Amino acid sequence: MTAWDEWFVAEVDGVLAGGLQSSDQALDQQQGWVKSLSVLPAYRRRGVGGALLRRAFARYADKGRQSAGLGVDLTNPTAPLSLYRSVGLRETWWSDMYERVVPAVGV
């Protein structure tokens, strides 16, 4: 089930600058979960991402969630860790992920 009231967009001077999509993947743990956070390049490092995250955290709290989380690709060239730390997030665990491309038969 999608909780549309946990999806947000940010505008700066009437221009769509970013968006945040939540996921219900951690509801069994009473946790709000950020599935996707995107800010257009021209609006990065201007507070848009932080504002979106704080708004999502407030909604999670309104719904009685005990915590909020997200996953991050540490090779992300936008270097999001400083943003996440600035809004109070901290690392709880690290993992390595592996992938192999498997061509589909007949494609």
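Above: the structure in question.
Once a new chain begins, its residue numbering starts again from 1 and follows that chain's sequence as written. The model is predicted, so local features are restricted to residues of pLDDT at least 70 and side-chain atom pairs to those at 80 or more, both for listing and for counting; the totals for chains, interfaces and linings are taken over all residues. As a convention, hydrogens and water are excluded, and side-chain values are obtained from all of the structure's heavy atoms.

### Thoughts on the sheet that holds strand β4 (residues 67–70)
Strand-to-strand pairing in sheets goes through backbone hydrogen bonds, with the strands running parallel or antiparallel. In plain terms, the rule: Pairs of strands are assigned from DSSP output, requiring at least two bridges between the strands. The way it works is that DSSP assigns letters per residue, a run of H or I at least four long becomes a helix, a run of E at least two long becomes a strand, and they are numbered from the N terminus. What counts as an axis is a line fitted to C-alpha atoms, over the stretch in contact for a helix, and the angles between N-to-C directions run from 0 to 180 degrees. Here, two residues are considered to be in contact whenever any of their heavy atoms come within 4.5 Å of each other.
Ordered by their spatial adjacency, four strands build an open sheet running β1-β2-β3-β4, and the pairing between neighbours is mixed. For this open sheet the edge positions go to β1 (8–12) and β4, each flanked by a neighbour on one side alone. With direction set aside, neighbouring strand axes in the sheet form an average angle of 30°. Across the sheet, helix α1 (residues 48–62) touches β1, β2 (15–23), β3 (31–39) and β4, and the angle it forms with β3 is around 160°.

### Digging into unusual backbone geometry
Operational definition: Note on exposure labels: buried denotes an accessible area under 20% of the residue type's maximum, exposed denotes more than 50%, and partly exposed covers the range between, all computed with a 1.4 Å probe on protein chains only.
Not every positive phi belongs to a glycine, and Gln 30 is a case in point at roughly 55°. Mapped onto the fold, Gln 30 is located in the loop between β2 and β3. Assessed through its relative accessible area of 35%, Gln 30 is described here as partly exposed. Unlike most non-glycine residues, Arg 45 shows phi in positive territory, near 65°. Judged by relative accessible area, which is 69%, Arg 45 ranks as exposed.

### Some thoughts on the pattern of salt bridges
Pairs may arise between side chains of opposite charge once their charged atoms sit close together. Definition in use: A pairing counts as a salt bridge when a side-chain nitrogen of Lys or Arg comes within 4 Å of a carboxyl oxygen of Asp or Glu.
Under the definition given, this model contains five salt bridges. Among the ionic pairs, Arg 65 bridges to Glu 6, the shortest N-O distance being 2.8 Å. With Arg 65 in the loop between α1 and β4 and Glu 6 in the segment before β1, this residue pair connects regions lying 59 residues apart in the sequence. The same class applies to Arg 65 as to Glu 6, namely buried. Shared partners join several salt bridges into a network, and the residues in it are Asp 5, Glu 6, Arg 59, Lys 63 and Arg 65.

### A word on a nonpolar patch on the surface
Selection criterion: Each patch is built from residues that are more than 30% exposed by relative accessible area and take part in no salt bridge. Like charges join if they lie within 9 Å; nonpolar side chains (Val, Leu, Ile, Met, Phe, Trp, Tyr) join within 5 Å. Computed with a 1.4 Å probe, the accessible areas rest on the Shrake-Rupley method; for each residue, only the protein chains presented here act as cover.
Judged by side-chain polarity, Val 72, Leu 74 and Trp 94 come together as a nonpolar surface patch covering roughly 310 Å² of accessible area. For Trp 94, the location among the structural elements is in the segment after α2 (81–86).

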